[in-house]
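Residues per chain are reported as follows:
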Amino acid sequence: MKENTMNTFVLFSLEHLVAIAVLFICLLILFMVRNVLARPFNHTLLFERLFALSLLAMEISYHLVLILEGIWSLSESLPLHLCSISLFCSCFLLWTGSKRLYDFIFFAGMGGALQAVLTPSIIVNFPDFKFIQFFYVHIGIILTAFYILWVKSYQPTFKSVIKTMVVLNIIFPFIFVLNILIQGNYMFLREKPINGSLLDFLGPFPWYIVSLEIVAFSIFVVVWLIFRKWKTPPKVF
């Protein structure tokens with residue numbers, strides 16, 4: 001019992017703060033080498049695909065671990081959280097170079113992953129594999145979003161904000177109904193995360209869902225205003 005207690009995740013513990021620091025260090029390094037990465041070179045596609053494969057491998061490994069531990073379930077383990085969907089979109093984007101997923105990853109993916117890194121909905125602590133996997137894939141989503149911005153010359157538009165909100169509002173009803181059918185809580189549409197999050201400030205169920213729509217739109221607009229005139233290197237597509 002003592003070992004399990006010591007391996008329980010604690011918000012803003014040393015392990016959590018290190019994970020947050022790793023995110024910002026990676027972002028700083030990416031920003032510093034953005035002009036170098038923007039130059040055409042033979043291994044760009046290979047690098048992007050290897051990173052995509054690493055994200056996918058971590059996700060698959062996570063599910064295998066849950067199965068081996070006998071705790072995989074329809075109600076909790078399906079990849080239907082916003083960040084899980086963003087992860088697969090990020091992998092597809094990195095593998096294909098398709099621009100169709102830019103908006104969703106940049107706004108919804110980055111926003112959801114950043115909140116997940118700051119207020120993780122996990123139980124286990126480092127060095128449990130599930131802890132490592134959680135932060136690896138969420139940091140990976142954020143790095144993909146900024147890689148697109150800084151290296152691939154993506155500039156968000158207000159239309160991108162609207163498109164992302166429309167996509168989210170198409171997805172939400174399906175997830176909400178599925179949650180009822182399988183007693184799940186995907187995208188936290190039935191109850192709030194266990195470790196605390198932005199949702200704690202948005203009122204009780206179901207009103208926090210409505211409040212979240214307003215907050216998400218406001219955050220997306222702020223992000224758009226910050227990055228819409230970002231001066232990026234010449235396009236290399």
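Keep in mind it's a predicted model, so treat the numbers as computed, not measured. (Residues numbered from 1 in each chain as written. Predicted model: local features only at pLDDT ≥ 70, side-chain atom pairs only at ≥ 80, totals over all residues. Heavy atoms only, no water.)

Trainee: How do you make sense of the packing of helix α4 (residues 44–68) against helix α6 (residues 82–96) when you look at a structure like this?
Mentor: Here α4 crosses α6 at 155°, and the two axes come no closer than 8 Å. Put simply, α4 runs roughly antiparallel to α6. Like other packed secondary-structure pairs, α4 and α6 cross with a definite hand, here left-handed. In this structure, α4 contributes Leu45, Glu48, Arg49, Phe51, Ala52, Leu53, Leu55, Leu56 and Glu59 to the contact, and α6 contributes Ser84, Leu87, Phe88, Cys91, Leu94 and Trp95. For the contact of α4 with α6, the residue count by class is 11 nonpolar, 1 polar and 3 charged. (Axes fitted to C-alpha atoms, helices over the stretch in contact; angles between N-to-C directions. Helix = DSSP H or I, 4+ residues; strand = E, 2+ residues; numbered from the N terminus. Parallel < 35°, antiparallel > 145°, perpendicular 65-115°, else oblique. Left-handed = near helix turned anticlockwise from the far one by under 90°. Contact = heavy atoms within 4.5 Å. Nonpolar A, V, L, I, M, F, W, Y, C, P; charged D, E, K, R; others polar.)

Trainee: Please explain the pattern of salt bridges as it appears in this structure.
Mentor: When charged atoms on two side chains of opposite charge get close, those side chains can pair. Across all of its chains, the model carries 4 salt bridges by this definition. When the shortest N-O distance is used, the salt bridge between Lys130 and Glu69 registers 3.1 Å. On the criterion of sequence distance, the pair formed by Lys130 in helix α8 (residues 129–150) and Glu69 in the loop between α4 and α5 (74–77) is long-range, its members being 61 residues apart. According to the relative accessible area criterion, Glu69 is partly exposed, its value standing at 43%. For Asp128, the salt bridge identified is with Lys130, shortest N-O distance 3.5 Å. Each of the two residues, Asp128 as well as Lys130, counts as buried. Three or more residues joined by partner-sharing salt bridges are found here, namely Glu69, Asp128 and Lys130. (Salt bridge = Lys/Arg side-chain N within 4 Å of Asp/Glu carboxyl O. Buried < 20%, exposed > 50% of the residue type's maximum accessible area, 1.4 Å probe, protein only.)

Trainee: Just checking my understanding: could you explain a nonpolar patch on the surface for this structure?
Mentor: Together, Ile25, Leu28, Ile29, Met32, Val33 and Val36 make up a nonpolar patch on the protein surface, roughly 560 Å² of accessible area in all. Here the element with the most residues in the nonpolar patch is helix α2 (residues 14–32); it accounts for 4 residues. Summarising the element assignment, Ile25 is placed in helix α2. A relative accessible area of 49% means that Ile25 is categorised as partly exposed. (Patch = residues over 30% accessible without salt bridge, like charges linked within 9 Å, V, L, I, M, F, W, Y side chains within 5 Å. Areas by Shrake-Rupley, 256 points an atom, 1.4 Å probe, with all protein chains shown as cover.)

Trainee: Is there a simple way to explain the environment of Ile209 in this structure?
Mentor: Relative to the assigned elements, Ile209 resides in helix α10 (residues 207–227). The sequence separation of Ile209 and Phe172 amounts to 37 residues, and the corresponding C-alpha distance is 9.9 Å.

Trainee: Would you take a moment to explain helix α7 (residues 102–118) for this structure?
Mentor: Side chains that are three or four residues apart share a direction in an α-helix, a result of its 3.6 residues per turn. Taking 1.5 Å of rise per residue, the 17 residues of α7 would be expected to cover 24 Å, and the 23 Å separating its terminal C-alpha atoms lies within 8% of that figure. At Gly109, α7 is deflected by roughly 35°, the largest bend along its length. Taken across its 17 residues, α7 has 12 buried, putting it largely inside the fold. For α7, every residue scored as buried is listed here: Tyr102, Asp103, Phe104, Ile105, Phe106, Phe107, Ala108, Gly109, Met110, Ala113, Ala116 and Val117. Of the surrounding elements, those touching the buried residues of α7 are α2, α6, α8, α9 (158–182) and α10. (Expected span 1.5 Å × (residues − 1). Bend = angle between axes of the 7 residues up to and from the residue.)

Trainee: Looking at this structure, how should I read the environment of Pro156?
Mentor: Within the fold, Pro156 resides in the loop between α8 and α9. Exposure remark for Pro156: the relative accessible area of 2% places this residue in the buried category. Each C-alpha atom of the pair Pro156 and Ile226 lies 9.5 Å from the other, and the pair is 70 residues apart in sequence. For Pro156, the contacting residues outside a window of four places in its chain are Phe106, Phe107, Leu149, Trp224, Phe227 and Arg228.

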